[in-house]
Amino acid sequence: MKEEMIFKQMEFVRTRTLKALEATTEDQADVIPEGFNNSIRWNFGHILVNHENLLAGFFQKEKEIPSHYIDLFNARTSPIDWQTDPPSLDELRMHLSQQVEAMRTHYQGRLEEERETPFTLGSIMEFSTLGELFTFSNWHEGLHQGAITSLKRAQGIEKS
């Protein structure tokens with residue numbers, strides 16, 4: 001029951017992310033309003049990369065996204081510094097959609113597995129099981145959904 005709740009939460013959060021992406025145009029995606037460090041496109045890409053980094057890293061397996069996405073969307077990156085063209089929103093949508101099913105396929109029945117070295121979030125928190133990382137990733141994705149909404153409002157877009 002607990003595992004199914006975690007997967008349902010992940011699917012709900014991702015559905016909300018995909019709805020926000022559907023409501024975003026290519027023109028809106030790259031605006032960086034004053035006071036912000038990143039764009040809407042960066043936030044969608046960061047959600048994708050963060051899940052891959054945490055979950056693929058947990059099992060020391062290869063990431064299932066193009067390798068240059070890490071350079072574009074990893075933590076502490078910004079579109080201001082991009083040297084290559086970012087993926088289209090359609091490409092990000094495809095990867096974000098596929099990632100949910102891939103996570104269920106790869107990780108179902110494994111959420112209680114422990115990592116040899118726990119993932120630490122500074123000195124704030126330590127995550128040692130895959131299930132703990134899933135719940136953190138779900139929270140993190142919601143955090144970036146809020147950033148996307150804020151970026152849209154800063155552009156005068158009320159519907160997200």
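- By the naming in an unreviewed UniProt entry, the protein is DinB family protein, taken from Pontibacillus yanchengensis.

1. Quick word on the confidence of the model for the protein
Okay, step 1: Here the protein averages 91 in pLDDT, while 98% of its residues score no lower than 70.
Okay, step 2: Looking over the protein, one finds the lowest element-wise mean pLDDT in strand S1 (residues 114-121), namely 81, and the highest in helix H2 (residues 26-29), namely 96.

2. With respect to helix H5 (residues 89-107)
Okay, step 1: The end-to-end C-alpha separation of H5 is 27 Å, in line with the 27 Å expected for 19 residues at 1.5 Å each.
Okay, step 2: For H5, the complete set of buried residues consists of Leu89, Leu92, Arg93, His95, Leu96, Gln99, Val100, Ala102, Met103, Arg104 and Tyr107.
Okay, step 3: Tucked inside the fold, the buried residues of H5 contact helix H1 (2-22), H2, helix H3 (40-58), helix H4 (68-73) and helix H6 (130-154).

3. Considerations on unusual backbone geometry
Okay, step 1: In this model, Arg76 sits at a positive phi of 65°, which is unusual for a non-glycine residue.
Okay, step 2: Mapping Arg76 onto the fold places it in the loop between H4 and H5.
Okay, step 3: Owing to a relative accessible area of 82%, Arg76 belongs among the exposed residues under this scheme.

4. So, empty space enclosed by the protein
Okay, step 1: Using the criterion set out here, one finds one cavity of 30 Å³ or more in the structure.
Okay, step 2: Of the volumes computed, that of the largest cavity is approximately 60 Å³.
Okay, step 3: Forming the walls of the largest cavity are His51, Glu52, Leu55, Ala56, Lys61, Glu64, Gln99, Ala102, Met103, His106 and Tyr107.
Okay, step 4: Going through the elements one at a time, H3 and H5 are the ones with two or more residues in the lining of the largest cavity.
Okay, step 5: With five residues, H5 is the largest single contributor of residues to the lining of the largest cavity.
Okay, step 6: For the lining of the largest cavity, the class distribution of residues is five nonpolar, three polar and three charged.

5. Re the packing of aromatic side chains
Okay, step 1: If you walk through the whole model with that rule in mind, you get eight aromatic pairs.
Okay, step 2: Centroid distance Tyr69 to Phe73: 5.8 Å. Interplanar angle 90°. Geometry classified as edge-to-face. Here Tyr69 and its partner Phe73 are both found in helix H4, four residues apart, which amounts to about one turn of the helix.
Okay, step 3: Here Phe73 and Trp82 contribute two aromatic rings whose centre-to-centre distance is 5.6 Å and whose plane-to-plane angle is 85°, an arrangement assigned as edge-to-face. No difference in accessibility class separates Phe73 from Trp82, as the two residues are buried.

Reading the values: the criteria
Residues numbered from 1 in each chain as written. Predicted model: local features only at pLDDT ≥ 70, side-chain atom pairs only at ≥ 80, totals over all residues. Heavy atoms only, no water. pLDDT = per-residue confidence, 0-100. Helix = DSSP H or I, 4+ residues; strand = E, 2+ residues; numbered from the N terminus. Expected span 1.5 Å × (residues − 1). Buried < 20%, exposed > 50% of the residue type's maximum accessible area, 1.4 Å probe, protein only. Contact = heavy atoms within 4.5 Å. 1 Å grid on protein atoms, 1.4 Å probe; cavity = no way out; pocket = protein on both sides within 12 Å on 5 of 7 lines; lining within 4 Å. Points joined across faces, edges and corners; volume = space filled by probe spheres on them. Nonpolar A, V, L, I, M, F, W, Y, C, P; charged D, E, K, R; others polar. Phe/Tyr/Trp six-rings, centres within 6.5 Å; stacked < 30°, edge-to-face > 60°.

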